[in-house]
Amino acid sequence: MTSGAEPIRPSFARRLATALYRRPRLQLGLLLAPPVGALVIAYLGSLALLLVNAFWRFDAFTGSVVTTPTLDNFSQIVTTSVFRDVAVRTILTAAAVTVTDALVAFPMAYFMARVAPRRTRNVLLVAVVLPLWSGYLVKVYAWRLILLNDGFADSVLAPFGLHGPGLSQISAWIVFSYLWLPYMILPIYAGLERIPGSLLEASGDLGARAVTTFRRVILPLTLPAVVAGSIFTFSLTLGDYVTPRLVAGGTQFIGNVVYDNIGVVGNVPLAAAYATVPILVMLVYLLLARRTGAFESL
Amino acid sequence: MESARGLRVLLGVLTAAVLAFIYLPIVLIVVYAFNINRVPTWPPAGLTLEWFGRAAQSAEVRSALALSLEAAIGATLVALVLGTLAAFAVHRFRFFGRETVSFLVILPIALPGIVTGIALATAFRTFGVQLGLLTIIVGHATFCVVTVYNNALARLRRTARSYEEASMDLGADTWQTFRHVTFPNLRTALLAGGLLAFALSFDEVIVTLLVAGPQQTLPIWIFNNYLRPNQAPVVNVVAVVAIALSVIPVYLASRLSSEATGVPR
Amino acid sequence: MTRLRISSLVAIVALVVSACSSANTGSSSPAPSYPASIGPLEDSLNLVAWVGYVEDGSNDPNYDWVHPFEASVGGKCKINVKTAGTSNDMKTLIDSGDYDGVSASGNLSGRLVAANEAAPVNVDLVPSYKDVFPALKDQPYNTFNGVHYGIPHGRGANLLAWRSDIIPGNLDSWSTLFDPNTPAKGKLSVYDDPIYIADAAVYLMSTQPDLGIKNPYELDQKQFDAAVGLLRAQRPNIAEYWSDAAAQIQSYTAGEVTAGTTWQYQVNAMTAASPAVPIKAVLPREGSTGWSDTWMVYSKAKHPNCMYKWLDWIISPQVNAQVAVWFGEAPSNSKACEFADKLEPDHCATFHANDEAYFDKVYEWTVPEANCGDSRGAVCKDYSAWLQAWTEVKG
């Protein structure tokens, strides 16, 4: 029964919630501030600090960085043939790795997503993800065992009179493809899983054979997922310096040149300028990838 | 959608081949964890359990493992919070720069690790921040946010707003709605994203090498010990144990996330 | 005409003033201050060291000087060591600011001092210092402007090593690595560091004496080009540039590499392995590059007191002997030989610990600088030129 009791004052939490509800902009601001703020300050900020070095001059005599703006580092990169060669080689290897991984991952992802029964699917998922826990370096060293002279590869190929690739750029391509394969399998699997079976049936009903269905229906629908996976394979290859040191013999990649320049010599301007190469490549790649809707498929 | 039987067999064979490719080095790692010879060369010289004993006794391994776990948990938590907040913001509101947020979140994982590592290390040094667990967490969180963000966003997009609106119509405020309606829906997506973030952080070596200072996470311990000629077998043991220990959490995660996606075939 | 003269005069004056001021900056900075005494010990000690320099018994229980050290300081100064493969790696680690000391070779020590990352060392606080071989004291790689910046650790030479079962005979010349038709064709392994250019220069000292190379680290343009040319010719025969001793051991064992430059450390490890790897090593007749390492203290070390305790420990006779035998180098402490010879017969003789004539043919790692240090003036190639050339050689 209602009496003359005073209305109960809502709790603080409720008042806060109401206030926020009425002020969508404030709500948005509070939601965005931590993540965007953290990323902008911590990440973009430190990135800017590094990249501004690219415009400064390195004085070899004193070994210090002179803060006068100059484009010398960039012109040095463009005009020196070894820098061009290393950049091209890294980008081509990254592209080769991406294509290889896409080709290798697709059949397996398709099998997992659409053919395998549920139990098998889970086992396969675990099987794909498990190697990620063995450690990057451990896997690269294991590949040395396979690739070195008289190693596993040589033993297997010897009856055919062939030799393994040893320590070379080919080996770097193989090992990179191996390392990033799970990062390609997972997004493609997720993308394939999302395709409603009804679409494929409809395509069949309309008279398309398997190949046509694949080409006209499945491929376009999974393209964003493939591109999403390729973001990983491409960027991970572009910046790696550990794997080339261990399996590529003397072949240099972008990461090695950047790393070599920040040590004893301390030529951070040149290292930073060279680091802009993979950054620019990835920025362009990301812009293109966004068009395909890959960001939603990561 | 039943594909032709021949096609299915072919796919099965290809899958088996890919699995063989994936597990060849892993099998080698396991075998060499038992190798008698300290220098790993092919073929393995013989079997011994000595290295398992050594690894178990090593205090270094235990502290490296502990540090890795702490860093991964820290980074995952940070990623969970930041990723969810960002996902909500992008999903619920239209604002200037909305597209850029996705871009910004992806950037740390898309740009080469050495760039992130050097940039962060230089910034930490410039501002006098001591390298250690905190800097590792910050370093890892930058590229872990994206996995949580993507999973959360995908789930939010698939969830009908009507549930929340109904909840509010029934008198719940924002917090209660979140706790009782939104969050349960979001939970498995966060779990999947969080587990992937955990794996990313746990295994990361390039950025960590540059921002960890004298502390050793497990990948750094592995890195250091591969440089010491006689430690290779112990490292292999650690890797084997890491794989073995991770089977259960990974299996659970995959069960949960596959239940969660639940798109009808 | 007058205007031109005035502007060029101004330019000259400006140049002179800036040159003077940059020179004066060196002398006008406050004189480095030595610490006066060792204070209370801290709980830990973070070191950057070459592989094999800081052993804790996990490789071989007989070689552990970390746990005895920690025991000697009452359980304090717990050691965290980060092993590095090249001076480049060491510099990157020191730059992070988290380490207290480093075993720096001559191609790093000068850079650390120039970058204000090395603190002057008060040798009076290191009791074992007085027994260090005189030839290692007050050297250009550990003493700068008359100020001590570190304690000598030991020295050794880079050796030519080869698989004796694959390449028979007793090799004695670097031609094995530089001759295009070497028996180790396509299977060479040389050190992955720009400083390797000096090794080519050492070879040229014998094969092209008319180039007039006296110091392989001070090369003018003509000498430098010749050395780099030699390395370019060598490139097709290189199987691996090594920066990781363990990886090199693996490569030699697998036969991926059959000849190359190495440290005695790898040779010891391969000979002691079971089964042993058939490997032989020698200091070629042309001489070689080498190193004389110095333990330096980081200028902003957080545990300086522990560092001083370590300095004395690592060059104390018994410990110095253990390191020298384990790694395979000449100890720095003259009293260490008695212990080293017990661990390994004739160790000091084998490593020429007291043989200055031998070390005259070993050109220890130094940072190349533009100033040639002789009558040629400042026309020599500096380290960034070396790095650039090295990047180009590797391709």
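Residues numbered from 1 in each chain as written. Chains lettered and ligands numbered in written order. Predicted model: local features only at pLDDT ≥ 70, side-chain atom pairs only at ≥ 80, totals over all residues.

Participant: Could you give an account of the overall build of chain B, with specific residues and numbers?
Facilitator: The number of helices and strands found in chain B is eleven helices and zero strands. What you see in chain B, going N to C, is helices and strands ordered as α-α-α-α-α-α-α-α-α-α-α. Taken across its 265 residues, chain B has 52% of its residues classed as buried. A separation of at least 24 residues holds for 76% of the contacts in chain B among residues at least 6 apart in sequence. (Helix = DSSP H or I, 4+ residues; strand = E, 2+ residues; numbered from the N terminus. Buried ≥ 20, exposed ≤ 12 C-beta atoms within 10 Å, placed from the backbone. Contact = placed C-beta atoms within 7 Å.)

Participant: Please give an account of the overall build of chain A that cites residues and values.
Facilitator: Scanning chain A for helices and strands turns up 13 helices and two strands. Taking 19 Å as the expected radius of gyration for a compact globule of 298 residues, we find that chain A reaches 26 Å, considerably beyond that expectation. Across its three principal directions, the C-alpha atoms of chain A cover 95 × 65 × 35 Å. Partitioning the contacts of chain A with sequence separation of at least 6, the portion at a separation of at least 24 is 70%. (Rg over C-alpha atoms; globule rule 2.2 N^0.38 Å.)

Participant: For the interface of chain C and chain B, give the residues involved together with the corresponding values.
Facilitator: Facing 21 residues of chain C, the contacting portion of chain B comprises 17 residues. Listing elements by their share of the side of chain C that touches chain B, those giving two or more residues are strand 2 (78-84) and helix 8 (245-254) of chain C. The greatest single-element share of the side of chain C that touches chain B, amounting to six residues, is contributed by helix 8 of chain C. Considering only residue class, the side of chain C that touches chain B consists of eight nonpolar, ten polar and three charged. (Nonpolar A, V, L, I, M, F, W, Y, C, P; charged D, E, K, R; others polar.)

Participant: An account of the interface of chain B and chain A is needed here, citing residue identities and associated values.
Facilitator: Taken together, the contacts link 77 residues of chain B with 79 residues of chain A. The class makeup of the residues in the side of chain B that touches chain A is 57 nonpolar, 15 polar and five charged.

Participant: Tell me about the pairing of strand 13 (residues 288-298) of chain C, and name the residues and values.
Facilitator: Residues and elements named next belong to chain C. In terms of residue burial, strand 13 counts as a mostly covered element, since eleven of its eleven residues are buried. Two elements, strand 3 (residues 101-104) and strand 13, share four bridges in a ladder whose sense is antiparallel. In the strand pairing of strand 13, S103 is matched with W295. Pairing between strand 4 (residues 118-119) and strand 13: two bridges, direction antiparallel. Note that in strand 13 the partner of A119 across the bridge is V297. As paired strands, strand 7 (residues 151-157) and strand 13 are joined by six bridges and run antiparallel to one another. Looking at strand 13, one finds that G154 is bridged to D293. Where strand 13 meets strand 15 (residues 362-364), three bridges bridge the pair, whose relative direction is parallel. By the bridge assignment for strand 15, S288 is matched with V362. (Pairing = 2+ DSSP bridges.)

Participant: Give me the lowdown on helix 12 (residues 254-261) of chain A, citing residues and values where you can.
Facilitator: Residues lying three or four places apart along an α-helix face the same way, a consequence of the helix completing one turn every 3.6 residues. Among the eight residues of helix 12 of chain A, eight are classified as buried, and the element is accordingly described as predominantly covered. Regarding helix 12 of chain A, the residues found buried are I254, G255, N256, V257, V258, Y259, D260 and N261 of chain A.

Participant: Residue-level account of the domain arrangement of chain A, with values.
Facilitator: In terms of domains, chain A is made up of domain 1 (12-46) and domain 2 (80-297). The C-alpha-based centres of domain 1 of chain A and domain 2 of chain A are spaced at 37 Å. (Domains from an automatic or database assignment.)

Participant: I'd like a description of the pairing of strand 10 (residues 238-242) of chain C, backed by residues and values.
Facilitator: All names here are of chain C. Here strand 10 lies mainly inside the structure; five of its five residues are buried. Note that strand 9 (residues 188-191) and strand 10 share four bridges and pair parallel. The residue bridging V190 from the neighbouring strand is Y241, located in strand 10.

Participant: Run through the sheet that holds strand 11 (residues 259-262) of chain C, naming residues and quoting values.
Facilitator: All names here are of chain C. As summarised here, the arrangement of the five strands in space is 10-9-11-8-12, forming an open sheet in which the pairing is mixed. Only two strands of the sheet have a single partner each, and these edge strands are strand 10 and strand 12 (279-282). The average angle at which neighbouring strand axes cross in this sheet is 25°, direction not considered. In the sheet, strand 9 pairs with strand 11 via two bridges, with the strands oriented parallel. Bridge pairing in strand 11 links S189 to G260. Against the sheet, helix 8 engages strand 8 (159-163), strand 9, strand 10, strand 11 and strand 12, with an angle of about 155° to strand 10. (Axes fitted to C-alpha atoms, helices over the stretch in contact; angles between N-to-C directions.)

Participant: Summarise helix 13 (residues 268-291) of chain A; cite the residues concerned and give the values.
Facilitator: Between the first and last C-alpha of helix 13 of chain A there are 34 Å, a value that for 24 residues agrees with the 34 Å anticipated at 1.5 Å per step. Within two residues after helix 13 of chain A, G293 of chain A carries a phi angle of roughly 80°, on the positive side. (Expected span 1.5 Å × (residues − 1).)

Participant: Help me get a handle on the packing of helix 3 (residues 87-95) of chain C against helix 4 (residues 106-114) of chain C, residues and values and all.
Facilitator: All names here are of chain C. Taken N-terminus to C-terminus, the directions of helix 3 and helix 4 make an angle of 25°; their axes are 9 Å apart at the nearest point. Relative to helix 4, the element helix 3 lies roughly parallel. Crossing hand, helix 3 versus helix 4: right-handed. Where helix 3 approaches helix 4, its residues S87, M90, K91 and I94 are matched on the opposing element by N107, L108, R111 and L112. Class assignment for the residues of the contact of helix 3 with helix 4 results in four nonpolar, two polar and two charged. (Parallel < 35°, antiparallel > 145°, perpendicular 65-115°, else oblique. Left-handed = near helix turned anticlockwise from the far one by under 90°.)

Participant: Which residues make up the environment of D89 of chain C, and what values go with them?
Facilitator: Its place among the elements puts D89 of chain C in helix 3. Considering only alpha carbons, one finds D89 of chain C and V48 of chain C, 41 residues apart in sequence, at a separation of 9.5 Å. When residues no more than four places from it in sequence are discounted, the contact partners of D89 of chain C are G263 of chain A together with A84 of chain C.

Participant: Describe the nonpolar core, with residues and values.
Facilitator: Note that soluble globular proteins tend to have their nonpolar side chains buried in a common cluster. Counting 308 residues, the largest nonpolar core has Y274 of chain A together with I197 of chain C as its most contacted members. Not counting chain neighbours up to four residues away, the residues in contact with Y274 of chain A comprise I77, F83, I254, V257 and V258 of chain A. (Core = buried A, V, L, I, M, F, W, Y, C linked by C-beta atoms within 7 Å.)

Participant: Please give an account of unusual backbone geometry that cites residues and values.
Facilitator: Residues and elements named next belong to chain C. The backbone of N145 shows a phi angle near 55°, a positive value even though the residue is not glycine. Within the fold, N145 resides in the loop between strand 5 (143-144) and strand 6 (147-148). Its identity as a non-glycine residue notwithstanding, D346 has a phi of 60°, on the positive side. Structurally, the position occupied by D346 is in the loop between helix 12 (336-343) and helix 13 (347-350).

Participant: Pulling in residues and values, what's your account of the packing of helix 8 of chain C against helix 9 (residues 264-272) of chain C?
Facilitator: Residue and element names in this part refer to chain C. For the pair helix 8 and helix 9, interaxial distance at closest approach is 10 Å and the crossing angle is 50°. In terms of their interaxial angle, helix 8 and helix 9 are classed as oblique. Of the two elements, helix 8 crosses helix 9, and the hand of that crossing is right-handed. In this structure, helix 8 contributes A245, Q248, I249, Y252 and T253 to the contact, and helix 9 contributes Y265, Q266, A269 and M270. Looking at side-chain class alone, the contact of helix 8 with helix 9 contains six nonpolar, three polar and no charged residues.

Participant: Tell me what's going on with the environment of G191 of chain A, and back it up with residues and numbers.
Facilitator: Looking at the secondary structure, you find G191 of chain A in helix 8 (residues 169-194). Each C-alpha atom of the pair G191 of chain A and L30 of chain A lies 32 Å from the other, and the pair is 161 residues apart in sequence.

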